[in-house]
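The chain contents come next:
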Amino acid sequence: MRIYESHTKEYWVGALDLNLDLESKYAIKAELLKPAAIVSMRKYQAGEITLKEFSEEISDYSFYQKRANEANKIITKCQKALDWFDSIITCSICGKTFNEADVNIVDYPDDVCINCEPNYMGI
């Protein structure tokens, strides 16, 4: 079983929507905190604050940026899953689902999988 088959298409659509929302919220929060993080970085580079102070000052920015990146990774996974579901075709003969590359949808009036095609053609 492929990883995408472990859940329904509806599950992946829901997960995609949820993580798009999360990524947007986290990315917006990170963008709001970014100017302060840049100021802190410049202070640290100038020797005005210690590494510990720098770390403390940018911790919120880092937290939200990391969460946005994590949500983005899940979004990518969800999109790959949905692409996989969109490439699935059911054989008209046996009723099993296959990747579109394994079903002949051009040469016959029925959608015929590679397993059923020899019998369908009468070979």
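The structure this text deals with has already been given above.
Keep in mind that this is a model prediction, so the values were computed, not measured.

It is worth spelling out the nonpolar core at this point. Of all hydrophobic cores here, the largest spans nine residues; its members are Y4, W12, A15, L16, I75, C78, A81, L82 and W84. Looking at which element gives the most residues to this core, the answer is helix α2 (residues 51-86), with five residues. If sequence neighbours within four positions are ignored, L82 has contacts with K9, W12, V13 and L16. I89, F98, V112 and C116 belong to the second-largest nonpolar core, a separate cluster that totals eight residues.

All right, on to a nonpolar patch on the surface then. The grouping of I93, Y120 and M121 at the surface amounts to a nonpolar patch, some 260 Å² of accessible area in total. Here Y120 is to be found in helix α3 (residues 117-121). With a relative accessible area of 30%, Y120 lands in the partly exposed category.

Before going further, it helps to spend a moment on the packing of aromatic side chains. One pair of aromatic rings is described through two measures. These are the centre distance and the angle between the planes. Applying the stated rule across the entire model yields six aromatic pairs. Between W84 and F85, the aromatic rings sit 5.0 Å apart at their centres with planes inclined by 80°, giving edge-to-face as the arrangement. According to the relative accessible area criterion, W84 is buried, its value standing at 12%. Joined through ring pairs, the aromatic side chains of Y26, F63 and Y64 make up one cluster.

Parameters at a glance
Residues numbered from 1 in each chain as written. Predicted model: local features only at pLDDT ≥ 70, side-chain atom pairs only at ≥ 80, totals over all residues. Heavy atoms only, no water. Core = buried A, V, L, I, M, F, W, Y, C linked by side-chain atoms within 4.5 Å. Buried < 20%, exposed > 50% of the residue type's maximum accessible area, 1.4 Å probe, protein only. Helix = DSSP H or I, 4+ residues; strand = E, 2+ residues; numbered from the N terminus. Contact = heavy atoms within 4.5 Å. Patch = residues over 30% accessible without salt bridge, like charges linked within 9 Å, V, L, I, M, F, W, Y side chains within 5 Å. Areas by Shrake-Rupley, 256 points an atom, 1.4 Å probe, with all protein chains shown as cover. Salt bridge = Lys/Arg side-chain N within 4 Å of Asp/Glu carboxyl O. Phe/Tyr/Trp six-rings, centres within 6.5 Å; stacked < 30°, edge-to-face > 60°.

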